[in-house]
There are 2 protein chains.
Amino acid sequence: MSGKRNVAQPMAGDTQPRAADEPATLAETAYRRLHRDIIAGVFAPGQPLRLELLKQRYGFSFSPLREALNRLQSERLVVAAALRGFSVAPFSSEEMRDATETRILVECEALRRSIDNGDDDWEAGIVAAFHALDLQARRVKAILGEPGDDDLSALEVRHQDFHRALIARCRSRRLLDLAEQLYAETQRYRLPMLTGRAFADEARDVPLEHRQIMDAALARRSEEATALLAAHYRRTSALIDRNMAAQTAAGD
Amino acid sequence: MSGKRNVAQPMAGDTQPRAADEPATLAETAYRRLHRDIIAGVFAPGQPLRLELLKQRYGFSFSPLREALNRLQSERLVVAAALRGFSVAPFSSEEMRDATETRILVECEALRRSIDNGDDDWEAGIVAAFHALDLQARRVKAILGEPGDDDLSALEVRHQDFHRALIARCRSRRLLDLAEQLYAETQRYRLPMLTGRAFADEARDVPLEHRQIMDAALARRSEEATALLAAHYRRTSALIDRNMAAQTAAGD
DNA sequence: AAACCACTTTCTTTCGAAAATCCTTTCTGT
DNA sequence: ACAGAAAGGATTTTCGAAAGAAAGTGGTTT
């Protein structure tokens, strides 16, 4: 870095473009990069996040880094002990269970309300997101051998977009934000499963599950849609749980 | 303040004693004081929180104050605009409705689980908290004229303790933390009603409502208990809503 | 060998000042 | 008079360093 200060310059490699009317501070940029990297598993669960290390890695100084870490802490991606600094939130079955069940509570309620309030745009949004997800899933499946990171992360974005579209009309900022946060938390657990492909879906047809959720939502069958959504998340959760148990048993 | 630095010294006037194994940093102390003061209405909703002002008022320097404000922002007690600093979260009917409904979603689920898991200690905790609340409520009611701040804030503490006791066995850190946060948010709206006493309870018997919730919970009647709890919160919310409308109509 | 103490090192937290940005007022040209 | 530019002041954000606490080291004693 040169000696010059630079607050608003966007960095190459930013994934989420920010709203044009909200200039990014360094703290904001640091938050986004750390958020992305923690979810991507760049830092291992439990790993201490030393400020000196982060300063070197990202080129920000303490203040913006601390601000970012504080935000991440309130989203449970980072834990902090007073006077002992920050660490990546460790993995645990217990935490994943709680995150999953809370996510089900929040998203099912949001889906219920969206089904009640949903207009044509809502339906169109779901159909479009499902289609994009389906295309990308086929694309990844068609790849011979290991799919690249780009393909997988594109798939993840589509997946998140689909789930976002389902609950988009719930009319509650709190529920939407909670869903976003809980998605990030659980995503972290899902990641090793995606890249490894070792513990793949077995007898599961995930695209079919998505389609069934969509169909029930569009047909305004709340009970069915929420039940399917909950089952969808619980299946993933159970799968991860088994893998975590297997990995720790294997002396990981 | 003298020129000396001071990290761990507790301040007089701290309400919540901290856990003994977690030494308070200045940022932690600043967070607690600001949290308390915002809820107590020391700063008006919407008021900008200039750092220079806070520095003078509390004696902390920028870093701990910013850290505290960031935490409060993620709890929606404070809003921030990039490069334009922090303000107390403004009041709005819409926000209160969302906070109330989210609180109902979260606490009803937590109550349901507590009823399923509740042991003898859970029951004892509820009975004790109810008793303490009831005593304090009678004490306040018996006071001639305006009750003092101490009496009212003691009442508030008892009230919160009672609601905490109800959901104490839900076995979900996330639900408990969310309930805590949503309590703080809605508490802010309730405050003017308490002190003013102008818009008091009308035909409401709040102690009776509490007793009915308790009875249903102890009798393990989930459906009834959650319905009563939801109604309890919605009544308060509706009352506040009317007052807010009246106040703004009166050219406030 | 385990427990204890003083010393050193490492790291977090806090401070005060500098830089960047926003906001208001004043000035300029039409 | 009025839109737009420019200056000036106020405020936030960031930096680098210093202070304070925790962890580590090595030697001494029990």
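Worth saying up front: this structure is predicted, and the values here are computed from it rather than measured.

Rules used in this analysis
Residues numbered from 1 in each chain as written. Chains lettered and ligands numbered in written order. Predicted model: local features only at pLDDT ≥ 70, side-chain atom pairs only at ≥ 80, totals over all residues. Heavy atoms only, no water. Pairing = 2+ DSSP bridges. Helix = DSSP H or I, 4+ residues; strand = E, 2+ residues; numbered from the N terminus. Contact = heavy atoms within 4.5 Å. Buried area = accessible area lost by both parts, 1.4 Å probe. Salt bridge = Lys/Arg side-chain N within 4 Å of Asp/Glu carboxyl O. Least-squares fit on C-alpha atoms with pLDDT ≥ 70 in both. 1 Å grid on protein atoms, 1.4 Å probe; cavity = no way out; pocket = protein on both sides within 12 Å on 5 of 7 lines; lining within 4 Å. Points joined across faces, edges and corners; volume = space filled by probe spheres on them. Nonpolar A, V, L, I, M, F, W, Y, C, P; charged D, E, K, R; others polar. Phe/Tyr/Trp six-rings, centres within 6.5 Å; stacked < 30°, edge-to-face > 60°. Buried < 20%, exposed > 50% of the residue type's maximum accessible area, 1.4 Å probe, protein only. Lys NZ or Arg CZ within 6 Å of the ring centre and 35° of its normal. pLDDT = per-residue confidence, 0-100. Axes fitted to C-alpha atoms, helices over the stretch in contact; angles between N-to-C directions. Parallel < 35°, antiparallel > 145°, perpendicular 65-115°, else oblique. Left-handed = near helix turned anticlockwise from the far one by under 90°.

A.B. asks: For this particular structure, what's the right way to read the sheet that holds strand E1 (residues 48-49) of chain B?
C.D. replies: Within a sheet, each strand pairs with its neighbour through backbone hydrogen bonds, oriented either parallel or antiparallel. Spatial ordering of the open sheet is given by E1-E3-E2 (chain B), a layout of three strands whose pairing is antiparallel. Every interior strand has two partners, whereas the edge strands, E1 and strand E2 (78-81) of chain B, have only one.

A.B. asks: What is the right way to read the interface of chain A and chain B from this model?
C.D. replies: Contact with chain A, which involves 29 residues of that partner, is made by 30 residues of chain B. Buried area between chain A and chain B, summed over both chains or domains, comes out near 2600 Å², and the portion from carbon and sulfur atoms is 49%. Together, A:Arg76, A:Leu105 and A:Arg174 form the three largest contributors to the area buried by chain A at its contact with chain B, with a combined 27%. Linking chain A with chain B are ten salt bridges. Close ionic contact of B:Arg174 with A:Glu185 constitutes a salt bridge, the shortest N to O distance being 2.4 Å.

A.B. asks: How should I be thinking about the pairing of strand E3 (residues 85-88) of chain A in this particular structure?
C.D. replies: Regular strands place their side chains on alternate faces of the sheet. Residue and element names in this part refer to chain A. Two elements, strand E1 (residues 48-49) and E3, share two bridges in a ladder whose sense is antiparallel. Residue pairing across strands places proline 48 opposite serine 87, the latter belonging to E3. Pairing of strand E2 (residues 78-81) with E3, which is carried by four bridges, proceeds in the antiparallel orientation. Residue pairing across strands places valine 79 opposite serine 87, the latter belonging to E3. Turn length for the E2-E3 hairpin, with the two strands adjacent in sequence and antiparallel, is three residues, and the turn residue leucine 83 shows positive phi of about 65°.

A.B. asks: For this particular structure, what's the right way to read the relation of the copies chain A and chain B?
C.D. replies: Think of it as a corkscrew move, a rotation about one axis and a shift along it, taking one chain copy to the other. Mapping chain A onto chain B leaves a residual RMSD of 0.0 Å; the transformation is a rotation of 180° accompanied by 0.0 Å of translation along its axis. Within this description, the copies of the chain are treated as partners about a two-fold rotation axis. Take the interface residues of chain A: 100% of them recur as interface residues in chain B, which is what a same-surface contact looks like.

A.B. asks: What's the story with empty space enclosed by the protein in this structure? I'm lost.
C.D. replies: Where empty space is left can be seen by rolling a probe of water-molecule size over the atoms. All names here are of chain A. One pass over the structure, following the stated rule, counts two cavities of 30 Å³ or more. Estimates place the volume of the largest cavity at around 70 Å³. As for the largest cavity, its lining consists of Arg103, Glu107, Gln160, His163, Arg164, Ile167, Ala179, Glu180 and Tyr183. The residue inventory of the lining of the largest cavity, partitioned by class, reads three nonpolar, two polar and four charged.

A.B. asks: Sorry, what's going on with the packing of aromatic side chains here?
C.D. replies: Each aromatic ring pair is specified by the distance between its two centres and by the angle formed by the two planes. Residues and elements named next belong to chain A. In this structure the tally under the stated criterion is four aromatic pairs over all chains. On the numbers, 4.2 Å between centres and 20° between planes, the contact of phenylalanine 91 with tyrosine 189 is stacked. Placement of phenylalanine 91 in the loop between E3 and helix H4 (93-117) and of tyrosine 189 in helix H7 (residues 173-196) is noted, with a sequence separation of 98 residues between them. On the basis of relative accessible area, phenylalanine 91 is assigned to the partly exposed category, the value being 30%. Assessed through its relative accessible area of 7%, tyrosine 189 is described here as buried. Directly above the aromatic system of tyrosine 233 lies the positively charged group of arginine 103, at a separation of 4.0 Å from the ring centroid. Against the face of tyrosine 189 rests arginine 188, its NZ or CZ located 5.7 Å from the ring centre.

A.B. asks: Quick question: what am I supposed to make of unusual backbone geometry here?
C.D. replies: Note on backbone geometry: most residues besides glycine have negative phi, and most peptide bonds are trans. Of note in this structure, A:Arg76 is not a glycine but carries a positive phi near 65°. The topology assignment puts A:Arg76 in the loop between helix H3 (62-74) and E2.

A.B. asks: When you look at the confidence of the model for chain A in this model, what are you seeing that I'm missing?
C.D. replies: Low-confidence regions, as indicated by low pLDDT, have predicted coordinates that should not be scrutinised in detail. Looking at chain A, the pLDDT average stands at 89 and 87% of residues meet or exceed 70. A low-confidence stretch, residues 1-20 of chain A stays under pLDDT 50, and its non-local contacts, those more than four residues away or across chains, total 18 contacts.

A.B. asks: Explain the packing of helix H6 (residues 149-166) of chain A against helix H8 (residues 206-218) of chain A to me, please; I cannot follow it from the model alone.
C.D. replies: For any two helices packed against each other, the geometry comes down to the angle between their axes and how far apart the axes lie. Residue and element names in this part refer to chain A. Contact geometry for H6 and H8: axes closest at 11 Å, N-to-C directions at 20°. Between H6 and H8, the interaxial angle falls into the category roughly parallel. Between H6 and H8 lies a crossing of left-handed hand. Residues His159, Phe162, His163 and Leu166 of H6 form the contact with H8, whose own contacting residues are His210, Ile213, Met214 and Ala217. Residues that form the contact of H6 with H8 fall into these classes: five nonpolar, three polar and no charged.

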